[in-house]
Amino acid sequence: ADDDTESSAIEEECNLLNYMEQADLNRLERVVVIYSFGLRGTEMKSADIVQLLFELDGSIFDTKQIDKLREASIKKLRSLMAAKGLTAIRDVM
């Protein structure tokens, strides 16, 4: 049962990652979504923590820029989903 649950979770995450690619999210937007929503085995992180992660990479963003990246990403995902007749993230999963 645990294997089935884990397999299902991995499949759902892959679907969402595929939608991120189809929505044409750029690298920064994908990273913000992955860390903000705890994808790819990470835990959900606040804008402050995501900002620190970018600083480690040599990029300088403030939390407002991180929030804007997250909002732009969600807008792109919602637009793609609406075009496909989907109404919620759970429809992707």
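These notes cover the structure that comes with them.

1. A few points about the packing of helix α2 (residues 27-36) against helix α4 (residues 63-83)
Relative to each other, α2 and α4 sit at 95°, their axes nearing to 9 Å. In terms of their interaxial angle, α2 and α4 are classed as roughly perpendicular. Touching L28, E29, V32, V33 and S36 of α2 are I66, L69, R70, A72, S73 and K76, all from α4. Of the residues that constitute the contact of α2 with α4, the class distribution is six nonpolar, two polar and three charged.

2. Details of the nonpolar core
Core analysis: the biggest nonpolar cluster contains twelve residues, these being L16, L17, Y19, M20, A23, L25, V33, I34, L39, L77, L80 and M81. Of all elements in the fold, only α1 (2-22), α2 and α4 reach the threshold of two or more residues within this core. Ranked by residue count, the leading element in this core is α1, at four residues.

3. Considerations on α2
Where α2 is concerned, the buried positions are E29, V32, V33, I34 and S36. A side-chain oxygen of the first residue of α2 lies 3.0 Å from the backbone nitrogen of L28; this N-cap is N26. Once α2 finishes, G38 follows within two positions and takes phi at roughly 70°, a positive value.

Definitions and limits used
Residues numbered from 1 in each chain as written. Predicted model: local features only at pLDDT ≥ 70, side-chain atom pairs only at ≥ 80, totals over all residues. Heavy atoms only, no water. Axes fitted to C-alpha atoms, helices over the stretch in contact; angles between N-to-C directions. Helix = DSSP H or I, 4+ residues; strand = E, 2+ residues; numbered from the N terminus. Parallel < 35°, antiparallel > 145°, perpendicular 65-115°, else oblique. Contact = heavy atoms within 4.5 Å. Nonpolar A, V, L, I, M, F, W, Y, C, P; charged D, E, K, R; others polar. Core = buried A, V, L, I, M, F, W, Y, C linked by side-chain atoms within 4.5 Å. Buried < 20%, exposed > 50% of the residue type's maximum accessible area, 1.4 Å probe, protein only. Polar contact = N/O pair within 3.5 Å; in protein donor to acceptor, adjacent residues only side chain to side chain.

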